[in-house]
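# Examining the three-dimensional arrangement
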Amino acid sequence: MAVIHHTTLTPSKIELLAEWLPGRPWYRGGPGTPALEKSGGFRLDDPEGEVGIEIMVATDTASPERTAYLVPLSYRGAPLEGAEHALVGTMEHGVLGKRWAYDGLCDPVLVTELLLLIEGKAQAMAQSITDTPDHEVTRAHTGDALLLEGFTPAPADDPEGTRVPTPNDTVLHVHRVLAPTTANPPLPAEGALGHVATGWPGPDGDRLRAVLMTLRSA
């Protein structure tokens, strides 16, 4: 069970992301630093209790269109070997000390838990409350169980998002720029083998909802 510490982070997650996001091929903003705010998301538990896992929705409010980005992040107490390219930055945590924040799609612990969530073998947890399930997160999966033992993610970014080759000749399509839908719950396009969806608060007090990621045949 992940314990949520309500304490200081220096720099903040949003400050780290404001520097990191403009370098991504799927970033939609213009030149300059984005005006980011943390809009929503959820957490997953690392069974070993070592890695913090957060699936964050961060919204760039710099333009009236407001672009919502999906940013899976993993937090570690020491560097992840071989993942220097995926480092978002380091933070000083008021309780845990120095933390290394990574693009979570390069972290095998985070991606494994995401795939277990799709299969219904892991529970989405509230983003800011300890030991509280997030029942707004929906998921589905069809087909054989994914063979996750020894799985190491090798994600590839492009202008449309991030694709992670996954077991059983499948690919996890992570929709980095979220497209809200009126469907409740949101559903993926035809042919998907699995998906995860959720909602977050909109600027006018409404609830925005979208499919966050889709599992498809390779």
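In what follows, the accompanying structure is described.

Within this model, the second largest pocket holds a volume of roughly 170 Å³. Every residue along the wall of the second largest pocket is listed here: H175, V177, L178, A179, T181, L187, P188, A189, V211, T214 and R216. Classifying every residue of the lining of the second largest pocket by side-chain character gives seven nonpolar, three polar and one charged.

Formed by 32 residues in total, the largest nonpolar core has its most connected members in F42 and L115. When contributions to this core are tallied by element, the ones reaching two or more residues are strand 2 (36–44), strand 3 (52–60), strand 4 (67–76), helix 2 (108–119), strand 10 (170–174), strand 11 (194–201) and strand 12 (207–217). Considering every element that reaches this core, the biggest residue donor is helix 2, with seven residues. Excluding its chain neighbours within four sequence positions, the residues that come into contact with F42 are I53, E54, I55, L117, A124, M125, Q127, D134, V137, V196 and L212. Membership of the second largest hydrophobic core comes to 17 residues, among which are L16, L17, W20 and Y75.

As a further point, take the side chain of T59. Within the fold, T59 resides in strand 3. Accessibility expressed as a relative area gives 3% for T59, which makes it buried. Within the local environment of T59, its side chain forms a polar contact with the side chain of S39, the two groups lying 2.6 Å apart. Sequence-distant contacts of T59, that is, excluding residues within four places in its chain, are made with A35, L36, E37, S39, R66, T67 and A68.

With respect to the helices and strands, the residue T214 is situated in strand 12. Of note is the side chain of T214, whose polar atom sits 2.7 Å from the side chain of H175. Leaving out residues up to four positions away in the same chain, T214 has contacts with V171, L172, H173, H175, P188, A192, G194 and H195.

With respect to the helices and strands, L148 occurs in the loop between strand 7 (138–141) and strand 8 (156–158). Classification of L148 as buried rests on a relative accessible area of 14%. Along the primary structure L148 and V111 are separated by 37 residues, whereas in three dimensions their C-alpha atoms are 9.8 Å apart. Those residues within four positions of L148 in sequence are excluded, and the remaining contacts are T112, L115, L116, E119 and P167.

Turning next to the sheet that holds strand 2. Judged by pairing direction, the sheet is antiparallel, and its six strands sit side by side in the order 1-5-6-4-3-2 without closing on themselves. Bordering the open sheet on either side are strand 1 (9–10) and strand 2, each of which pairs with just one other strand. One ladder, built from nine bridges, connects strand 3 with strand 4; its direction is antiparallel. Bridging across to strand 4, V57 finds its partner in L70.

Rules used in this analysis
- Residues numbered from 1 in each chain as written.
- Predicted model: local features only at pLDDT ≥ 70, side-chain atom pairs only at ≥ 80, totals over all residues.
- Heavy atoms only, no water.
- 1 Å grid on protein atoms, 1.4 Å probe; cavity = no way out; pocket = protein on both sides within 12 Å on 5 of 7 lines; lining within 4 Å.
- Points joined across faces, edges and corners; volume = space filled by probe spheres on them.
- Nonpolar A, V, L, I, M, F, W, Y, C, P; charged D, E, K, R; others polar.
- Core = buried A, V, L, I, M, F, W, Y, C linked by side-chain atoms within 4.5 Å.
- Buried < 20%, exposed > 50% of the residue type's maximum accessible area, 1.4 Å probe, protein only.
- Helix = DSSP H or I, 4+ residues; strand = E, 2+ residues; numbered from the N terminus.
- Contact = heavy atoms within 4.5 Å.
- Polar contact = N/O pair within 3.5 Å; in protein donor to acceptor, adjacent residues only side chain to side chain.
- Pairing = 2+ DSSP bridges.

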